[in-house]
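Listed below are the residues making up each chain.
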Amino acid sequence: MDYKDLADLIFPNAKDISYYEEKYPERNLEEGAVVTRFAPSPTGFVHVGGLMQCVINRQLTKQTNGVFLLRIEDTDQKREIENGVSQIVNAIKDFGIEFDEGMINETEEKGSYGPYKQSKRADIYQAYAKYLIEQGRAYPCFATPEELEEMRKKQEAAKIRTGYYGVWATYRNLSVEEAAEKIKAGKPYIIRFKSMGSEEKKIRHHDVIKGNIDFPENDQDIVIIKADGLPTYHFAHAVDDHLMRVTHVIRSDEWVSSIPLHLELFKALGFKTPKYCHYAPILKEEDGKKRKISKRKDPEAAVSYYHEEGIPAKSVCEYLMNIGNSNFEGWRRANPDLPMSEFKFEINKMSVSGAIFDIVKLLDVSKNVISKYTKEQMYNEVLEWANRYDEELASLLSNKEYSLKIFGIERGNSKPRKDIAKWSDVKDAIIYMYDDKFLSQNADFEYAKINNLEEIKKILSLYMEKYFDINDDKQTWFDKMKDLADKLGYAREVKEYKQNQEAYPGHVGDISTVLRVSLTGRQNTPDLYEIMQVLGTESIQKRVNRILEK
Ligand code: GLU
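Residues numbered from 1 in each chain as written. Predicted model: local features only at pLDDT ≥ 70, side-chain atom pairs only at ≥ 80, totals over all residues. Heavy atoms only, no water.

Caption draft 1: Main features of the pattern of salt bridges. Taken as a whole and assessed by the stated rule, the structure comprises 45 salt bridges. For D241, the salt bridge is made with R37, and the minimal N-O distance between the two is 2.9 Å. Residue D241 is found in helix α8 (residues 233-243), and its partner R37 is found in strand β1 (residues 35-38); the two are separated by 204 residues along the sequence. By relative accessible area, D241 is classed as buried at 1%. Judged by relative accessible area, which is 3%, R37 ranks as buried. Among the ionic pairs, D486 bridges to R492, the shortest N-O distance being 3.2 Å. (Salt bridge = Lys/Arg side-chain N within 4 Å of Asp/Glu carboxyl O. Helix = DSSP H or I, 4+ residues; strand = E, 2+ residues; numbered from the N terminus. Buried < 20%, exposed > 50% of the residue type's maximum accessible area, 1.4 Å probe, protein only.)

Caption draft 2: How the structure looks around the sheet that holds strand β5 (residues 138-141). The strand order across the open sheet formed by three strands is β5-β6-β9, and the pairing between neighbours is antiparallel. Strand pairing shows two members of the sheet lacking a second neighbour, β5 and β9 (223-225), which therefore form its edges. Neighbour-to-neighbour, the strand axes of this sheet turn through a mean angle of 45 degrees, independent of strand direction. (Pairing = 2+ DSSP bridges. Axes fitted to C-alpha atoms, helices over the stretch in contact; angles between N-to-C directions.)

Caption draft 3: Representation of a positive patch on the surface. Together, K314, K372, K415 and K418 make up a positively charged patch on the protein surface. Structurally, the position occupied by K314 is in helix α11 (residues 313-324). (Patch = residues over 30% accessible without salt bridge, like charges linked within 9 Å, V, L, I, M, F, W, Y side chains within 5 Å. Areas by Shrake-Rupley, 256 points an atom, 1.4 Å probe, with all protein chains shown as cover. Lys, Arg positive; Asp, Glu negative; His and termini not counted. Charge placed at Lys NZ, Arg CZ, Asp CG, Glu CD.)

Caption draft 4: Just the packing of aromatic side chains, in detail. What the rule picks out here adds up to 24 aromatic pairs. Note on Y305 and Y306: the rings are 5.2 Å apart at their centroids and 90 degrees apart in plane angle, and the pair reads as edge-to-face. On the accessibility criterion, Y306 (1% relative accessible area) is buried. Each ring, one from Y306 and one from F357, has its centre 6.3 Å from the other, and the planes form 65 degrees; the classification is edge-to-face. Of this pair, Y306 sits in helix α10 (residues 304-309) while F357 sits in the loop between α12 (328-334) and α13 (359-371); the two residues are 51 residues apart in sequence, bridging distant segments of the chain. For the pair Y306 and F357, one class covers both residues: buried. Here a set of aromatic residues connected by ring pairs shows up, and it is made of Y19, Y20, Y128, F266 and F271. If you follow R161 out to its NZ or CZ, it ends over the ring of Y165, 4.3 Å from the centre. When the ring centre of F45 is taken as origin, the NZ or CZ atom of K295, which lies over that ring, is 4.4 Å away. (Phe/Tyr/Trp six-rings, centres within 6.5 Å; stacked < 30°, edge-to-face > 60°. Lys NZ or Arg CZ within 6 Å of the ring centre and 35° of its normal.)

Caption draft 5: Expanded view of the site of the ligand. If you check the shell around the ligand, you find R37, A39, E73, Y233, R251 and W255 and nothing else. Within the side chain of R37, an N or O atom sits 2.7 Å from an oxygen atom of the ligand. One nitrogen or oxygen atom from the side chain of W255 is found 3.4 Å from an oxygen atom belonging to the ligand. Protein coverage of the free-state accessible area of the ligand, which is 300 Å², stands at 79%. Broken down by class, the residue content of the shell around the ligand amounts to three nonpolar, no polar and three charged. (Near = heavy atom within 4 Å. Polar contact = N/O pair within 3.5 Å; in protein donor to acceptor, adjacent residues only side chain to side chain. Nonpolar A, V, L, I, M, F, W, Y, C, P; charged D, E, K, R; others polar.)

So this is what it looks like as structure tokens:
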């Protein structure tokens, strides 16, 4: 009896690996094309670090005419939730990212390198496990959980490395006959890799992001096929990334320490190793200390948070791009109007230690992104968000024509408004423009410098009587504000006032503030002339009369 007989005994129906090698040929892509993947478990949850990976992967594969695929890693079936795949696909899609290949929902997929769900690939893994057994590089291990536990205790007591390796690998040297006998006797087993490495020997590996790293060789005989017939992460990674012809394994750096094992697996399987790119976690600064953004502690760890807050997908993607390549910020400043896809992302320029996530910065990026929206884009996105998360806002927006006028205020010009960072800011920023809402609230406004009611009334009534005309252009409107100031003994110009403060009770700006607060209830708003144009005569009159009647 030889290895081949043992392999046949264990996997009698497995195909020869040449079948899969032919079925999934090298991809016919341009030189330098990046093929990469996002490979989550179907937990439904997408971490902001995962989204960053997708933003980067999408950018790299687009700019090299490569392929970005979604593989679902469901070999640990305990972590699976209902609709977990669809939830992931939709969460990523919310950020404008679509995959070229892979799972579309729980059961459907696209692309010719599938199945893209690991639980559907059992026969493939078994074929490669069989191949390793035939080569003498994998073997059945009959250790019971109790035996393994006992071994671990001994190792701990002796203060040596734990694990299944070297002299501890009890079943590694079983003869083919002994192994076959146990199998025939119905003893339960799993399949382990037979490592040829040694702790004493060092290897040097080049990671695209982290640079050269020195490791001891792997010597662990890790499990490759579990008792349920499914592979472990390590084995599936090797088989899948090889057969899906992945060129770049871009993954979080929690996997760095597995590199020696993965290199040995790829070599034993006769696969070319992909380029490894291990990115650092996104960090958060708290009480002067840095730590990983945590799913448990930080709401912003879940990408659903951004969606709920109404931070536009584009803002989040731009910010994550900036976390990925810090020179993106400078590029954006130099190219304010180019699409993000024009930026040349360089994976080897990613931070080794991890970038800090700064929500204030994200909101700043977002203000810029939103300032470039047209009023129609603005209306559509805000409405979509409001329909899901804010009924009151959605009902305000049901008057489309009027709402579009509001969104047009200080938009589409050379200095667009930048006061909105997220859709959840919008209601507060526009609510006073709607008479229903504004006039139904009391008018106890906080005025600024001029806050004497009689003076306020005097200003407003003179303005409405002698100066107000909705058809004035902006310059005329402005000149009239100055005339009004003049008439009431205020300085026409701020400068004049500053030079001779005793001579005036205030200046034209104080006068226009009275009008602004009366019309909007606020001291700070976008351009008052534009606001008045949108409100129209009738609404302006109603708003002023309320104050005059006080
Ligand atoms: N399923 C693994 C994870 O979610 C994938 C890691 C990888 O990208 O290889 O961590």
